[in-house]
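Notes for the structure review
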Amino acid sequence: MRKKIVAGNWKMNTTLGEGVGLAKDVNEALKNATPKCDVIICVPFTHLAPVNDVIDQNKLGLGAENCADHVKGAYTGEISAEMVASTGAKYVILGHSERRQYYGETSETLKEKVNLALANNLTPIFCIGEVLEERENGTYHDVVKNQIVEALFDLSAEDFGKIILAYEPVWAIGTGKTATDDQAEEIHAYIRGVIADKYGKEVADNTSILYGGSCKPSNAAQLFAKPNVDGGLIGGAALDAQSFMGIVNAF
Ligand code: PEP
């Protein structure tokens, strides 16, 4: 059975003190709760180890927002998958549209990152999604399929089974413009079909496919009610413990 998941992506927000405070607040809210989904926060590299110290990862998983495409060595400023894992983190977001758009990440580099994440027992939360023009000109199915095929389809079925996918239409990220629940369901079902064609129905049925893009407490329940939407990757609304928990409790 695939997991239901709500994961926060803090992006480049919060000082260390603010981030540790936010993590404590989410951890506290989960202490006596029995959410119907796994809950994860993905935080800036600088916050990983201190946040790990203040949360109970049995209730609140911890992840990074990126990792390097090399094992180690002369790559000034980069953070390897091994370094991320050494902080106690268990997840890593890879292929976020902001990384593709602003830092030139390609399927080739993402393939390396996915392999290194898996080699270090990190679960990739792998992001895919089209820009507005591709949605409007009707090429978005091919765009999303190519992103999956190019970066992930060299994986064995066993390794593919470790991936969490996040469908995030770029036109909905941070814009306040959410995909409708029907739009999300249509593309999530398509993605599951692409996975089934390659790895079979069982692997496809077991893959968690999250929706991301202006998801908030007021629209989460409707999105999560769709059979192929297994939860959300949450940006802005993850920066406030109450609204993040509002989304968690939408399940
Ligand atoms: C994201 O960037 O992963 C995201 C979904 O952002 P937002 O929720 O702010 O649209």
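Scroll up a little and you will see the structure.
All residue numbers here refer to positions counted from 1 along the written sequence of the relevant chain. With pLDDT at 70 or above as the cut-off, local features in this predicted model cover only qualifying residues; side-chain atom pairs require 80 or more to be listed or tallied, and sums for whole chains, interfaces and linings still use all residues. Side-chain metrics in this entry use all non-hydrogen atoms of the structure; hydrogen atoms and water are not considered.

Notes on the packing of helix H5 (residues 107–119) against helix H7 (residues 140–152)
Each packed pair of helices is defined by two parameters, the angle between the axes and the distance between the axes. For clarity, the threshold we go by: Axes here mean lines fitted to C-alpha atoms, for a helix over just the part in contact, with angles spanning 0 to 180 degrees between N-to-C directions. Segments assigned H or I by DSSP are reported as helices when at least four residues long, segments assigned E as strands when at least two residues long, and all are numbered from the N terminus. Each angle gets one of four labels, with under 35 degrees taken as roughly parallel, over 145 as roughly antiparallel, 65 to 115 as roughly perpendicular, and the rest as oblique. Here a crossing is taken to be left-handed if its near helix is turned anticlockwise relative to the far helix by less than a right angle, and right-handed if that turn runs clockwise. The contact criterion used throughout is that any non-hydrogen atoms of two residues lie within 4.5 Å. We call Asp, Glu, Lys and Arg charged. Ala, Val, Leu, Ile, Met, Phe, Trp, Tyr, Cys and Pro are nonpolar, and the rest, Gly among them, are polar.
Packing of H5 against H7 leaves a shortest axis separation of 8 Å and a crossing angle of 55 degrees. As judged from the angle between their axes, H5 and H7 are oblique. Where H5 crosses over H7, the two elements pack in a sense that is right-handed. Between H5 and H7, the contacting residues are Ser107, Leu110, Lys111 and Val114 on the first element and Glu150, Ala151 and Leu152 on the second. Of the residues contributing to the contact of H5 with H7, the split by class is 4 nonpolar, 1 polar and 2 charged.

Side note on helix H12 (residues 241–248)
We apply this condition: Whether a residue is buried, partly exposed or exposed follows from its accessible area with a 1.4 Å probe, protein chains only, as a fraction of its type maximum: under 20%, in between, or over 50%, in that order.
Among the 8 residues of H12, 6 are classified as buried, and the element is accordingly described as predominantly covered. Inspection of H12 places Ala241, Ser243, Phe244, Met245, Ile247 and Val248 among the buried residues, and these make up the whole buried set. Looking at the packing, one finds that the buried side of H12 touches strand S1 (5–9), helix H1 (16–31), strand S2 (38–42), helix H11 (217–224) and strand S8 (231–234).

With respect to the site of the ligand
Here is the rule: Whether a residue is near a molecule or strand is decided by its heavy atoms; if any one of them lies within 4 Å of it, the residue is near. A 3.5 Å cut-off defines polar contacts: any pair of N or O atoms within that distance qualifies, except that in protein one atom must be a possible hydrogen donor and the other a possible acceptor, and neighbouring residues in sequence count only when both atoms are side-chain atoms. Where accessible areas are quoted, they stem from the Shrake-Rupley method and a 1.4 Å probe; at the residue level, only the protein chains shown are allowed to cover.
In the vicinity of the ligand lie 14 residues, with Lys11, His96, Glu168, Gly174 and Ser214 positioned nearest. The separation between an oxygen atom of the ligand and a polar side-chain atom of Asn9 is 3.4 Å. One of the side-chain nitrogen or oxygen atoms of Glu168 is found 2.7 Å away from an oxygen atom of the ligand. Burial of the ligand by the surrounding chains reaches 95%, relative to a free accessible area of 300 Å². Across the shell around the ligand, the residue classes break down as 4 nonpolar, 8 polar and 2 charged.

Topic: the packing of H7 against helix H9 (residues 181–199)
Axis separation between H7 and H9 bottoms out at 11 Å; the angle between their running directions is 40 degrees. As summarised for this structure, H7 and H9 are arranged oblique, according to the angle between their axes. Remark: the crossing between H7 and H9 carries right-handed chirality. Along its contact with H7, which presents Tyr140, His141, Val144, Lys145, Ile148 and Leu152, the element H9 presents Glu186, Ile187, Tyr190, Ile191, Val194 and Tyr199. Taken together, the residues that form the contact of H7 with H9 break down as 9 nonpolar, 1 polar and 2 charged.

With respect to the nonpolar core
How we decide: Working definition of a nonpolar core: buried Ala, Val, Leu, Ile, Met, Phe, Trp, Tyr and Cys residues. They are joined through side-chain atoms within 4.5 Å.
By size, the foremost hydrophobic cluster in this structure holds 70 residues, and its most contacted members are Phe126, Leu152, Ile191 and Phe224. When residues of this core are assigned to their parent elements, the largest contribution, 6 residues, is made by H9. Ignoring anything within four residues of it in the chain, the contact list for Phe224 reads Val6, Cys215, Val229, Gly231, Gly232, Ile247, Ala250 and Phe251. In terms of nonpolar packing, the next biggest core, distinct from the first, is built from 12 residues, Cys42, Tyr91, Ile93 and Ile125 among them.

Notes on H5
The criterion, for reference: One less than the residue count of a helix, multiplied by 1.5 Å, gives the span that helix is expected to have.
For H5, built from 13 residues, the straight-helix expectation of 18 Å at 1.5 Å per residue is met to within 8% by its first-to-last C-alpha distance of 18 Å. Those residues of H5 not exposed but buried are Ser107, Leu110, Lys113, Val114, Leu116, Ala117 and Leu118. Structurally, H5 contributes buried residues whose contacts are with helix H3 (81–86), strand S4 (91–94), helix H4 (97–103), strand S5 (123–128), H7 and helix H8 (157–160). Directly beyond the C-terminal end of H5, a positive phi value near 60 degrees is found at Asn121.

Focus: the state of the cysteines
This is how the line gets drawn: Disulfides are defined as cysteine sulfur pairs within 2.5 Å.
Under the definition given, this model contains 0 disulfides. With no disulfide partner, Cys67 has as its closest neighbouring cysteine sulfur the one in Cys42, 12 Å distant. The class for Cys67 is buried, based on a relative accessible area of 1%.

Some points on the side chain of Lys113
The topology assignment puts Lys113 in helix H5. A polar contact is formed between the side chain of Lys113 and the side chain of Glu105, at a distance of 2.6 Å. Those residues in contact with Lys113 that sit more than four places away from it in its chain are Asn66, Cys67, Ala68, Asp69, Leu94 and Glu105.

A short note on the layout of surface pockets
So the rule is basically this: Cavities and pockets were defined on a 1 Å grid built over protein atoms only: a cavity is a set of grid points that admits a 1.4 Å probe from which the probe cannot escape, a pocket is an open set flanked by protein on both sides within 12 Å along at least five of seven lines, and lining residues are those with an atom within 4 Å of any such point. Grid points are joined across faces, edges and corners, and a volume is the space filled by probe spheres set on the points.
Roughly 510 Å³ of internal volume is contained in the largest pocket. Lining the largest pocket are 18 residues, and of these Lys11, Met12, Glu65, Arg99 and Tyr103 lie nearest its centre. Top contributing element to the lining of the largest pocket by residue count: H4, with 4 residues. Considering only residue class, the lining of the largest pocket consists of 7 nonpolar, 6 polar and 5 charged. Of the voids in this model, the second largest pocket is the one considered here, and its volume is about 270 Å³. Lining the second largest pocket are 15 residues, with Lys3, Thr123, Gly161, Lys162 and Ile164 positioned closest to its centre.

By themselves these figures say nothing about function.
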